[in-house]
Amino acid sequence: MPLVTIEEVQRVARLARLTLTAHEAEAMTEHVTKILTYVDTLNAVPTDTVEPITHAVSGPMPLRTDAVTNVPDPTLLRTAPATEATFFQVPKIIE
Amino acid sequence: MDLFRLTIHDATNLLRQHTIRAQDLTQAVLARIRATDPAVRAYLTVCADDAIAQAALADQHLQTPESAPPLCGIPIAVKDVILTKGIRSTAGSKILADFVPPYDATVIQRLKAAGAVIIGKVNCDEFAMGSSNENSAFFPTRNPWNLAQVPGGSSGGSAAAVAADQAPAALGTDTGGSIRLPAAFCGVTGMKPTYGRVSRYGVVAYASSLDQVGPVTKDVRDCALLLQTIAGHDPRDSTSVNLPVPDYTATLTQGVTGLRIGVPKEYFVEGMQPEVESAVRASLAELTALGAQAVPIALPHTAYAVATYYIIATAEASSNLARYDGVRYGHRAAHSDGLTAMYEQTRAEGFGPEVKRRILLGTYVLSAGYYDAYYLKAQKVRTLIRQDFLQALQDCDVIATPVAPTTAFALGDKTTDPLTMYLSDIFTIAANLAGLPGIAVPCGFDTQGLPISLQLLGKPFDEATLLRAAYSHEQHTTWHTRRPSL
């Protein structure tokens with residue numbers, strides 16, 4: 001049975017760019033442990049000679065000509081929380 | 001005649017004969033929504049003005065019925081994970097609470113080209129994650145047959161709206177059963193097409209190798225009509241398959257003589273509500289009386305489907321939901337101390353608990369040290385599940401099962417233990433893993449008056465056979481004609 005600690009849950013939360021409150025982290029640890037215990041039942045299935053499914057549809061990935069097809073569209077900025085000229089504005093990245 | 005009770009096909013006949021006008025039909029549906037939605041709560045956004053304008057345009061086209069497009073003047077409700085240009089689309093989430101898409105999903109473009117009227121956006125579990133519609137960030141939708149019960153999920157709004165006659169039909173999405181389960185709980189028809197049959201362009205992605213858009217309708221003929229409109233290759237969705245779309249209504253009435261119906265023993269398990277099992281078995285008896293042949297089959301890896309799904313779907317979701325970062329659209333947390341903090345706070349504020357849970361699970365199973373044990377393992381079991389089906393489908397044409405182990409449960413019944421909720425999907429999930437088409441059709445009611453449905457699963461791209469078998473069943477029963485009293 002996997003031992004999922006609250007620290008591990010917090011680590012994974014950081015990877016997923018999610019802040020959890022202490023209460024959330026506790027509840028999450030309990031739920032995640034339970035679910036992972038459940039999915040551990042897959043270990044009973046022999047899969048040494050089985051290929052994983054990597055594509056839901058078979059066949060080669062369709063390609064298109066490498067040419068610019070989209071026209072710059074200023075209306076796309078309308079959905080943004082903060083913009084400046086033709087840019088999406090975000091908090092400073094480089095100090 | 002209550003216009004809001006009409007099916008697509010009946011309404012189409014009346015519209016083309018000029019017995020009714022499209023504007024009257026749309027007004028009747030809008031009035032029905034106003035009257036019943038305070039109780040049912042299926043709708044997040046009602047597009048009254050737009051719909052009336054579209055209906056007026058439809059009436060113009062219907063002046064020359066021979067050239068009017070196939071769904072001319074028909075109101076359709078749309079699950080809020082499907083993007084509609086200029087109409088708020090939330091995916092049931094606070095993180096997109098005010099998001100107005102700048103483009104239409106391909107399926108919406110096709111509905112519009114067919115002359116349909118987009119009547120409104122219906123409620124769903126947040127990011128299509130859920131089986132009861134209780135995970136919507138806004139409010140739960142209620143089952144029109146008993147308002148204390150869930151409508152099922154995640155397309156709960158779609159199914160409830162159709163069951164309550166708040167729309168002649170709706171579009172939903174199905175990733176682990178999210179069309180078929182609410183259709184069954186609400187006593188309407190719902191279909192998940194073969195993976196790749198319908199374009200996912202403009203559909204908010206949950207699990208990209210499992211998601212499909214499909215019809216939720218009052219009967220099987222309507223299901224065929226709506227599927228006809230939305231199916232087909234789309235170059236903008238590289239997982240959509242370039243295969244011709246057959247005429248789904250042409251073969252509907254051909255009957256089931258000689259049809260081999262596979263009956264998997266693994267789908268009739270202990271712990272099922274006895275009335276569900278007896279209703280489904282009674283349907284099978286009806287179909288065999290009509291000339292079909294029941295064939296016992298085995299799907300040995302059935303018990304592993306839910307576990308396999310909750311690794312693969314959550315892994316894919318963790319990747320798909322990484323885009324909700326507050327940069328280009330959606331909610332952004334105020335007063336963040338730097339970019340990373342902005343991401344973390346935005347997502348903490350914008351996502352509900354079930355979504356967070358699935359993102360965390362998915363991130364975990366993909367992370368270094370766990371990838372092989374979980375994700376790779378699940379992909380291998382997925383191969384075995386798919387092989388089970390393809391093998392069984394050599395000995396039969398369709399597979400018959402219940403849709404769910406029980407009828408609709410009460411609001412709040414399963415919200416404390418996520419795993420209990422996940423197990424509602426045990427009969428629907430495998431079809432998504434295998435990429436196969438499936439349809440749910442009403443086949444009875446329990447002693448509480450809650451609907452029971454039959455599920456038929458089919459061969460890849462053989463929706464026509466599923467529709468034909470479902471139609472035969474439907475036409476020899478009257479379950480689909482019953483309506484909740486609202």
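Basis of the calculations
- Residues numbered from 1 in each chain as written.
- Chains lettered and ligands numbered in written order.
- Predicted model: local features only at pLDDT ≥ 70, side-chain atom pairs only at ≥ 80, totals over all residues.
- Buried ≥ 20, exposed ≤ 12 C-beta atoms within 10 Å, placed from the backbone.
- Helix = DSSP H or I, 4+ residues; strand = E, 2+ residues; numbered from the N terminus.
- Pairing = 2+ DSSP bridges.
- Right-handed = clockwise from strand over helix to strand, strands pointing away.
- Contact = placed C-beta atoms within 7 Å.
- Nonpolar A, V, L, I, M, F, W, Y, C, P; charged D, E, K, R; others polar.
- pLDDT = per-residue confidence, 0-100.
- Axes fitted to C-alpha atoms, helices over the stretch in contact; angles between N-to-C directions.

Asker: What exactly am I supposed to notice about the pairing of strand β2 (residues 75–79) of chain B here?
Answerer: Strand residues, when the strand is regular, have side chains that alternate between the two faces of the sheet. Residues and elements named next belong to chain B. Among the five residues that make up β2, five are buried, leaving the element largely enclosed by the rest of the structure. Residues P75, A77 and K79 point to one face of β2 and I76 and V78 to the other, with burial holding for every one of them. Direction of pairing for β2 relative to strand β3 (residues 117–122): parallel, over a ladder of five bridges. By the bridge assignment for β3, I76 is matched with I118. Chirality of the crossover, the property in question, places the unit of β2, helix α4 (residues 106–113) and β3 among those that are right-handed. Pairing geometry for β2 and strand β4 (residues 169–174), over three bridges, is parallel. The residue bridging I76 from the neighbouring strand is A169, located in β4.

Asker: Where do I start with the interface of chain A and chain B in this structure?
Answerer: Accessible area lost upon the coming together of the parts serves often as the stated size of an interface. Contacts between chain A and chain B engage 37 residues on the former and 52 residues on the latter. Contributions of two or more residues to the side of chain A that touches chain B are made by α1 (6–15) and α2 (22–39) of chain A. Considering only residue class, the side of chain A that touches chain B consists of 27 nonpolar, six polar and four charged.

Asker: Is there a simple way to explain the confidence of the model for chain A in this structure?
Answerer: In low-pLDDT segments, the atomic positions of the prediction should not be examined closely. Confidence along chain A averages 90 in pLDDT terms, with 97% of residues attaining 70 or more. Averaged pLDDT values for the elements of chain A fall to 92 in strand β2 (residues 87–88) of chain A and rise to 96 in α1(A).

Asker: Would you mind going over the sheet that holds strand β6 (residues 212–217) of chain B with me for this structure?
Answerer: Strand pairing in a sheet is mediated by backbone hydrogen bonds. Such pairs are either parallel or antiparallel. Residue and element names in this part refer to chain B. The strand order across the open sheet built from 11 strands is β1-β3-β2-β4-β6-β5-β10-β11-β9-β7-β8, with neighbouring strands paired in mixed fashion. The open sheet terminates on both sides in strands that have one partner only, identified here as β1 (43–46) and β8 (293–297). Here the strands of the sheet are splayed against their neighbours by 30° on average, with no regard to which way each runs.

Asker: I tried to follow the environment of V198(B) on my own but got confused; where do I start?
Answerer: Residue and element names in this part refer to chain B. The topology assignment puts V198 in the loop between β5 (189–192) and β6. C-alpha separation for the pair V198 and G214, spaced 16 residues apart in sequence, amounts to 7.8 Å. Once you skip the residues sitting within four places of it in the chain, V198 turns out to touch V107, P193, Q212, V213, G214, I230 and A231.

Asker: Which parts of the structure should I look at to understand helix α5 (residues 156–163) of chain B?
Answerer: Residue and element names in this part refer to chain B. With respect to burial, α5 is a largely interior element, eight of its eight residues being buried. When α5 is considered as a whole, its buried residues turn out to be G156, G157, S158, A159, A160, A161, V162 and A163. Looking one or two places after α5, you find D165, whose phi comes out positive at around 60°.

Asker: How should helix α7 (residues 220–230) of chain B be read in this particular structure?
Answerer: Working note: α-helix, 3.6 residues per turn, so residues spaced by three or four point in the same direction. Residue and element names in this part refer to chain B. With respect to burial, α7 is a largely interior element, 11 of its 11 residues being buried. Those residues of α7 that sit buried are V220, R221, D222, C223, A224, L225, L226, L227, Q228, T229 and I230. One or two steps after α7, the chain reaches G232, where phi turns positive at roughly 130°.

Asker: Would you mind showing me how to read the confidence of the model for chain B here?
Answerer: For chain B, the average pLDDT comes to 97, and 100% of its residues sit at 70 or higher. Here the predicted complex carries an ipTM of 0.94, next to a pTM of 0.97.

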